[in-house]
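# Summary of the model geometry
Each chain, letter by letter, is given below.
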Amino acid sequence: MVKVPRMLKDKVALITGSTSGIGLGVANALAAQGCRIVLNGLGDAGKIEQVRAGLAARHGVDVRYDGADLMDPDAIAGLVVGAVEAFGGIDILVNNAGIQHTAPVEDFPAPTWDAIIALMLSAPFHLIRQIVPGMKARNWGRIINISSVHGLVASIDKAAYVSAKHGLMGLTKVVALETARTGVTCNAINPGFVRTELIERQIQDRAAVLGVSEEEALNALLGEKQPSRQFVTVEQLGQVAVFLCSDAASQITGIPVPVDGGWTAQ
């Protein structure tokens, strides 16, 4: 059997919010292509170590974990320094970490607004700002911002989330223009509904409020927004990220890539 070379062998990918969900799906896909991985996220220490060790063993790549608090710019600087010291540089940055809170704007807690903006807009800025110089020096880099359909359209009761994701789209475009002649690209992936823990909680809450089964709540949720009536999978999003890191995508920069079952086509 001919062994197919792995497209991203020895590249280094830093992925935030990667101990579960979409981030872990992206980490798995990039590791399968030979990337060395820096995981970052929250969770039980023992479970995170299982994830780290499993990823390394499954794909035969080096994987490290850094639990840096992305709300703290100094901690972000330490995350970047640690990754560079461990692996020599960062070739791929995936900004994925996120949180959610829903409430009408007049009831939206100001501290929660600040936290969502800090994690989902300011943290990507701080990471990009510190990592881009190294990418430029190596004449190669891929920045992938995991946005959302809510970076393109709005929904009620999500003022902070929608604002952060729209802001992230603006950041994506500016960085793409500033790096357009450097071998660095910056794009966004804009998922629709993905069946992660975040969505599971929304389904449970909706079922409780409406007094229906979780299956009925799930179908209603998809029916309102996602014409395919199917969830996007983390594996699909991982493969989109791999494509954006490929040579085929070297002239794709500054764009949203909706993966949303037709949501934004409406």
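Now for a quick tour of the structure. Everything quoted here is computed from the prediction, not taken from an experiment. Here the residue numbering is sequential within each chain, running from 1 through the sequence in written order. Residue-level local features of this predicted model are given only where pLDDT is at least 70; pairs of side-chain atoms are given and counted only at 80 or more, and the full residue set underlies all totals for whole chains, interfaces and linings. Note that water and hydrogens are dropped before the side-chain values are worked out from all heavy atoms of the structure.

## Some points on the overall build of the protein chain
Selection criterion: Numbered from the N terminus, helices here are DSSP runs of H or I no shorter than four residues, and strands are runs of E no shorter than two. Between the two quantities, the radius of gyration covers C-alpha atoms and the globule rule is 2.2 Å times the number of residues to the power 0.38. Throughout this description, buried means an accessible area under 20% of the type-specific maximum (1.4 Å probe, protein chains only), exposed means over 50%, and partly exposed covers the range between. Residue contacts are defined here by distance: any two heavy atoms, one from each residue, within 4.5 Å place the two residues in contact.
Scanning the protein chain for helices and strands turns up 8 helices and 7 strands. The C-alpha atoms of the protein chain give 18 Å as radius of gyration, which agrees with the globular expectation for 266 residues (18 Å, within 12%). Expressed along its principal axes, the backbone C-alpha trace of the protein chain runs to roughly 55 × 45 × 40 Å. Within the protein chain, the proportion of its 266 residues that are buried is 48%. In the protein chain, once contacts between residues fewer than 6 apart in sequence are set aside, the share between residues at least 24 apart is 72%.

## What to know about the pairing of strand β4 (residues 92–95)
Basically, it comes down to this: Any two strands with at least two DSSP bridges between them are considered paired. Handedness of a crossover: with both strands directed away from the viewer, a clockwise path from the first strand across the helix to the second marks it as right-handed.
Side chains I92 and V94 project from β4 onto one buried face, and the interleaved L93 and N95 project onto a second face that is buried too. In terms of strand pairing, strand β1 (residues 12–16) meets β4 through 3 bridges, oriented parallel. When the sheet's bridge partners are listed, I15 is paired in β4 with V94. Pairing of β4 with strand β5 (residues 141–146), which is carried by 4 bridges, proceeds in the parallel orientation. By the bridge assignment, N95 is partnered in β5 with N145. Considered for its hand, the β-α-β crossover made up of β4, helix α4 (residues 110–138) and β5 is right-handed.

## Remarks on the environment of I37
Topologically, I37 is positioned in strand β2 (residues 36–40). Look at I37 and you get buried, because its relative accessible area is 0%. In this structure the C-alpha to C-alpha distance between I37 and V63, which are 26 residues apart in sequence, comes to 4.7 Å. Other than its neighbours up to four places away in sequence, I37 contacts A13, I15, A27, L30, A31, L55, D62, V63, R64 and F87.

## Description of the pattern of salt bridges
Formally: Definition used for salt bridges: Asp or Glu carboxyl oxygen within 4 Å of a side-chain nitrogen of Lys or Arg.
In this structure the tally under the stated criterion is 5 salt bridges. Note that R195 and E200 form a salt bridge whose closest N and O atoms lie 2.6 Å from each other. On the accessibility criterion, R195 (45% relative accessible area) is partly exposed. Exposure remark for E200: the relative accessible area of 22% places this residue in the partly exposed category. For the salt bridge of R206 with E224, the shortest nitrogen-to-oxygen distance reads 2.8 Å. Within this pair, whereas R206 is found in helix α6 (residues 197–210), its partner E224 is found in helix α7 (residues 214–225), the two being separated by 18 residues in sequence.

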